[in-house]
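A structural walkthrough
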Amino acid sequence: MSEVSIGDLAALIGVGIAAGWLGSLVGIGGGIVVVPALVIALGVDFRVAVASSLVAVIATSVTAGSVYTGTGLANLRLGMVLEVATTIGAVAGGLAAILLSTRFLAGVFAGVALTTALYMLRGAYRPRTRLVEAVVSARGWEETGTLAGAYFDEFRGGLVRYRGERVQVGLAVSLAAGGISGMLGVGGGFLKVPAMNLGMNIPIKVASATSNFMIGITAAASVFVYFARGFVQPLVAAPLALGVVAGSWAGAQTAGKAHPVVVKMILVVTLLFVALQMGLRSAGVEIGG
Amino acid sequence: MADSPASAPRGIQAIYRVGLMLAVCMILVGLSWALLRGEAAAVPIRLGGLLTAGSIADRVVGLGILILSLTPAVVVIALVRSWWREGDRRFAASGVLVIAILALAVAVGHA
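Residues numbered from 1 in each chain as written. Chains lettered and ligands numbered in written order. Predicted model: local features only at pLDDT ≥ 70, side-chain atom pairs only at ≥ 80, totals over all residues.

On to the overall build of chain A, then. The secondary structure content of chain A amounts to ten helices and four strands. When the elements of chain A are put in sequence order from the N terminus, they spell out α-α-α-α-α-β-β-β-β-α-α-α-α-α. Looking at the 289 residues of chain A, the share that counts as buried comes to 63%. Once local pairs closer than 6 in sequence are excluded, the contacts in chain A between residues at least 24 apart make up 81%. (Helix = DSSP H or I, 4+ residues; strand = E, 2+ residues; numbered from the N terminus. Buried ≥ 20, exposed ≤ 12 C-beta atoms within 10 Å, placed from the backbone. Contact = placed C-beta atoms within 7 Å.)

All names here are of chain B. Looking at chain B, the pLDDT average stands at 82 and 82% of residues meet or exceed 70. For chain B, per-element mean pLDDT is lowest for helix H3 (residues 89-110), which scores 84, and highest for helix H2 (residues 56-86), which scores 90. Below a pLDDT of 50 lies the segment residues 1-7, which in the model reaches twelve contacts outside its immediate sequence neighbourhood of four places, other chains included. The complex prediction reports pTM at 0.80, with the ipTM value standing at 0.88. (pLDDT = per-residue confidence, 0-100.)

All names here are of chain A. By the element assignment, alanine 219 lies in helix H8 (residues 204-229). C-beta crowding within 10 Å serves as the criterion here: with 29 such atoms nearby, alanine 219 is assigned to the buried category. Between the C-alpha atoms of alanine 219 and alanine 90, which are 129 residues apart in sequence, the distance is 9.2 Å.

Running from N to C, H8(A) and H2(B) point in directions that differ by 130°, and their axes come no closer than 8 Å. Between H8(A) and H2(B), the interaxial angle falls into the category oblique. As for how H8(A) packs across H2(B), the hand of that crossing is left-handed. Facing H8(A), whose interface residues are Gly216(A), Ile217(A), Ala220(A), Val223(A) and Phe224(A), H2(B) presents Ser69(B), Pro72(B), Ala73(B) and Val76(B). (Axes fitted to C-alpha atoms, helices over the stretch in contact; angles between N-to-C directions. Parallel < 35°, antiparallel > 145°, perpendicular 65-115°, else oblique. Left-handed = near helix turned anticlockwise from the far one by under 90°.)

On the secondary structure map, Arg103(A) appears in helix H5 (residues 102-123). When the C-alpha positions of Arg103(A) and Leu22(A) are compared, they lie 27 Å apart, and in sequence the two are 81 residues distant.

Turning to H8(A), a few remarks are in order. Counted at 1.5 Å a residue, the expected span for H8(A) with its 26 residues is 38 Å, and the 37 Å between its end C-alpha atoms agrees. Looking at the residues trailing H8(A), positive phi occurs at Gly230(A), about 80°. (Expected span 1.5 Å × (residues − 1).)

Let us look at helix H7 (residues 189-199) of chain A. Residue and element names in this part refer to chain A. Of all eleven residues in H7, eleven are buried; the element is thus mostly enclosed. Residues Gly189, Phe190, Leu191, Lys192, Val193, Pro194, Ala195, Met196, Asn197, Leu198 and Gly199 constitute the buried set of H7. Asparagine 201 occupies a position one or two residues after H7 and carries a positive phi of about 65°.

Next up on the list: the nonpolar core. Formed by 129 residues in total, the largest nonpolar core has its most connected members in Ala51(A), Val55(A), Ile58(A), Val223(A), Leu240(A) and Ala241(A). Ignoring sequence-local partners within four residues, the contact set of Ala51(A) consists of Val223(A), Tyr226(A), Phe231(A), Val232(A) and Ala237(A). (Core = buried A, V, L, I, M, F, W, Y, C linked by C-beta atoms within 7 Å.)

Now the structure itself:
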């Protein structure tokens, strides 16, 4: 794609809208949708697609953050603690990517995504959060000095209180998610959301919102590397980011009204798509680039 | 344990919104310029040459992307400040650590 036509711009915006909506709703950056769509459908260079995807991940995080932080849905303290491990993993992952083969990395990715999808599927019908009858506030909050908080769930019509448990589980998975993010150029929210939900007993909506906060920080670090190396094409990344902003806004507006099981099922389907894509790459079936 | 004051999340929300609005405005102006002036070519642009390389449209759109990319880092700095003022030193320290690691990551990327 050397000359960018109005049709190309429309296609880039359309891909961005789809990725932004899905990413905002389930707490991922949308990179797993953006990269294959750019490479296969639009013929964009793989590394340019990854760089553009990282810009889209940031756009998703910033847009969702402008909505979620106002509602108190995202637990920023929890996100910051986990982000310590994520950023360490991202640096280590970037360095490891120089040494390991892409096919090996893709195989690891496929296995992790498939395992997580199956684990999520098993737990999809067992909500663990405790619904408090009394409606104290229509907004959520965090407790100072702890990883606890609460939020008003529109779907359930009540206040949901939660307390983060087993921080070491969240840190370990965040470290791995950061490593994969650094190696493969995705947000890593598809690992962090189930880790927070199933491993730390954080409600799925809080986990998704917190993940959106986190992936922006992680992707921001990575995108400067691509910027420095000349893989950011503004007229490819920008319309994509605009589409993601629109899609993320729509996703953030509907997240509070969606049923938790529906949100989880969307995440499961997304993970299965990722597993298939990465499994094919691991087997030597190139999907583009 | 007391709840956090609501002003901190609102301040963070404002940073996200200002960063988003600035970035989107610059991107829209740059894309419009590119289409109107016939400069709509997909060319790479480096961080070091953001203000000198490429067409005017590339630079404006590139600056929009830069603002978008800097917004999460500004949020972390604002959170550290907010938590430090609240006396929530443990989480403020986590934020400082994240900023330090981000700086390290950028340095490694440019090396």
